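Understanding the architecture of this molecule
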Amino acid sequence: MEFEITHKLKDSLARVGTIKTPHGTINTPAFIVGGTKATVKALTPNQVTQLGGQAILVNTYHLMLQPGVDIIDNAGGLQNFMSYNGPTFSDSGGFQVFSLGMAYKKGINLTSNSQKGDPSLAKSSHNQLAKVTEEGVYFKSYLDGSKHFISPEISMQLQHKIAADIHMAFDELSSPLADSEYLKEACRRTHDWAIRCLAEHQNLNQEHSHKKQNKQFLYGVVQGGRDQELRTISAKFFADKDFDGYGIGGIFEPEEIPTVLGWIMDYLPENKPRHLLGMGSQPLDLFLGIEYGIDTFDCVAPTRQARNGALYTYHGRINIKNSIFKNDFKPLDKECSCYTCQNFTKAYLHHLFHANEILASTLSSIHNEFFIVNTVSTIRQSIIDNNYLSYKKSFLKKYYH
């Protein structure tokens, strides 16, 4: 993997560059399309490419359960299995440590402070499907209740069989309700696991070299929650190790992005790419992340929201199911050049949702993914053209009017 910075934005950490992988080049900053189970929901790989998507991210935990990584390996790797020719990322399963562990069936999420007053939410529960130990994490399958174990070494073995271009080290994403002592413990454990991931990853890459196969690449994941000291410690730890880039996990509200990234960016080497995990559900995330040195993002929100009728427009988000759109024969957004906006009306999309037609999800997902991908692409071009600030001001004024 090669990373090159070609442009920088004055008085900012924003930069434009390229990440070269065995399956193609990613022009950064870029939004990486979420394809959790080796599919971007409601879209074909060709549609992802046509709307401007440069890469797809999959999830190791989900693919381990279904269809199983051996099947993907026997198919010749992820790109062959899903018939996608572009660059790919794989998440380690670290998010499921949180979502199936402390957060399971408690309504806890990473973007809300509202639960902080309820100490019962910060306790373990017999309902949890994940249990953390020093060696790794024990999971129960959400599909059939079968038991599984992922250690740092196993996570690397799974990811190398999936054969995405870029992997994430196995980490513990701790609950935002965790107390300071547990947060320290989780951060230390993430670092211990990262060392084990790196060793196993390097061994597996040696095997690839002997077989004349493509090498795969590994990002370390900076953790530490909302704690400045822990975030700084984590950034310094990963900066000193031989990772190919850095994932940044556990960011919360958009307004916290400058704070958390501001704590760590001075410590991460400038010549390696930085990925903001699970962020990009709204445009403000993108602008703030890029200004603070983020090169790539991933998030499943664009297609998830699309399937529920929540659609981005350049004048804010709308719910296309609302009755006001029943007789609206204008495009979803006249400023948008996606396939959906160029060919269909709001009235037609409204009809598809109320008729429970599958096409509703496809057309809405094309639009939402295009909107986010294109927003990042336009930000990238605005940095090159040195008009970023005027573009940001114009965009946000319209979107958050």
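Scope of this entry: the structure provided in the associated data block.

Calculation rules
- Residues numbered from 1 in each chain as written.
- Predicted model: local features only at pLDDT ≥ 70, side-chain atom pairs only at ≥ 80, totals over all residues.
- Heavy atoms only, no water.
- Helix = DSSP H or I, 4+ residues; strand = E, 2+ residues; numbered from the N terminus.
- Rg over C-alpha atoms; globule rule 2.2 N^0.38 Å.
- Buried < 20%, exposed > 50% of the residue type's maximum accessible area, 1.4 Å probe, protein only.
- Contact = heavy atoms within 4.5 Å.
- Lys, Arg positive; Asp, Glu negative; His and termini not counted.
- Charge placed at Lys NZ, Arg CZ, Asp CG, Glu CD.
- Pairing = 2+ DSSP bridges.
- Axes fitted to C-alpha atoms, helices over the stretch in contact; angles between N-to-C directions.
- 1 Å grid on protein atoms, 1.4 Å probe; cavity = no way out; pocket = protein on both sides within 12 Å on 5 of 7 lines; lining within 4 Å.
- Points joined across faces, edges and corners; volume = space filled by probe spheres on them.
- Nonpolar A, V, L, I, M, F, W, Y, C, P; charged D, E, K, R; others polar.
- Phe/Tyr/Trp six-rings, centres within 6.5 Å; stacked < 30°, edge-to-face > 60°.
- Lys NZ or Arg CZ within 6 Å of the ring centre and 35° of its normal.
- Right-handed = clockwise from strand over helix to strand, strands pointing away.
- Salt bridge = Lys/Arg side-chain N within 4 Å of Asp/Glu carboxyl O.

1. What to know about the overall build of the protein
Check the secondary structure of the protein and you find 15 helices and 16 strands. Since a compact globule built from 401 residues should have a radius of gyration of about 21 Å, the 21 Å found for the protein is in line with a globular shape. Along the first, second and third principal axes, the C-alpha set of the protein runs to 60 × 50 × 50 Å. Residues counted as buried form 56% of the 401 residues belonging to the protein. Considering only intrachain contacts with a sequence separation of at least 6, the fraction spanning at least 24 residues in the protein is 66%. Here the protein carries 40 positive and 40 negative side-chain charges, and the mean point of each set is 5 Å from the other.

2. Here's the deal with the sheet that holds strand β7 (residues 130-132)
Spatially, three strands are ordered β7-β8-β9 in an open sheet, and the strand pairing comes out antiparallel. Of all strands in the sheet, those bounded by a partner on one side alone are β7 and β9 (147-150). Between one strand and the next, the sheet's axes are offset by a mean angle of 20°, whatever the strand orientation. With four bridges connecting them, strand β8 (residues 137-140) and β9 associate as antiparallel partners.

3. Comments concerning the layout of surface pockets
Size it by volume and the second largest pocket reaches roughly 440 Å³. Looking at the lining of the second largest pocket, the elements with two or more residues in it are α4 (78-82), α6 (152-162) and α7 (180-210). Residues of the lining of the second largest pocket, tallied by class, amount to four nonpolar, eleven polar and six charged.

4. Focus on the packing of aromatic side chains
All chains considered together, the criterion is met by 20 aromatic pairs. For the pair F237 and F238, a centre-to-centre distance of 5.0 Å together with 90° between the ring planes defines the contact as edge-to-face. Each member of the pair, F237 as well as F238, is classed as buried. Ring pairs connect the aromatic residues F287, Y312, Y314, F371, Y388, Y391, F395, Y399 and Y400, which therefore count as one cluster. When the ring centre of F237 is taken as origin, the NZ or CZ atom of K241, which lies over that ring, is 4.1 Å away.

5. A short note on the environment of G52
For G52, the location among the structural elements is in the loop between α1 (45-50) and β5 (56-59). Judged by its relative accessible area of 33%, G52 falls in the partly exposed class. With 175 residues separating them along the chain, G52 and D227 place their C-alpha atoms 36 Å apart.

6. Let's talk about the pairing of strand β4 (residues 30-34)
Of all five residues that make up β4, five are buried, and the element is covered over most of its length. Sheet topology note: the β4/strand β14 (residues 296-299) ladder contains four bridges and is parallel. Residue pairing for β14: V33 is matched across the bridge by C299. With two bridges joining them, β4 and β5 adopt parallel strand pairing. Among the inter-strand pairings, G34 is bridged to a residue of β5, identified as L57. Regarding the hand of the β-α-β motif, the stretch spanning β4, α1 and β5 is right-handed.

7. Considerations on the pattern of salt bridges
Scanning all chains against the criterion turns up 17 salt bridges. Between E185 and R189 there is a salt bridge, with the nearest N and O atoms lying 3.0 Å from each other. In this pair, E185 and R189 both sit in helix α7, four residues apart, roughly one turn of the helix. Assessed through its relative accessible area of 32%, E185 is described here as partly exposed. Residue R189 is classed as buried on the basis of its relative accessible area, which comes to 3%. Of the charged contacts in the structure, one is a salt bridge between K392 and E291, with a shortest N-O distance of 2.7 Å. Of this pair, K392 sits in helix α15 (residues 388-399) while E291 sits in helix α10 (residues 283-291); the two residues are 101 residues apart in sequence, bridging distant segments of the chain. Members of the salt-bridge network, linked through shared partners, are E134, E172, E185, R188, R189 and D192.

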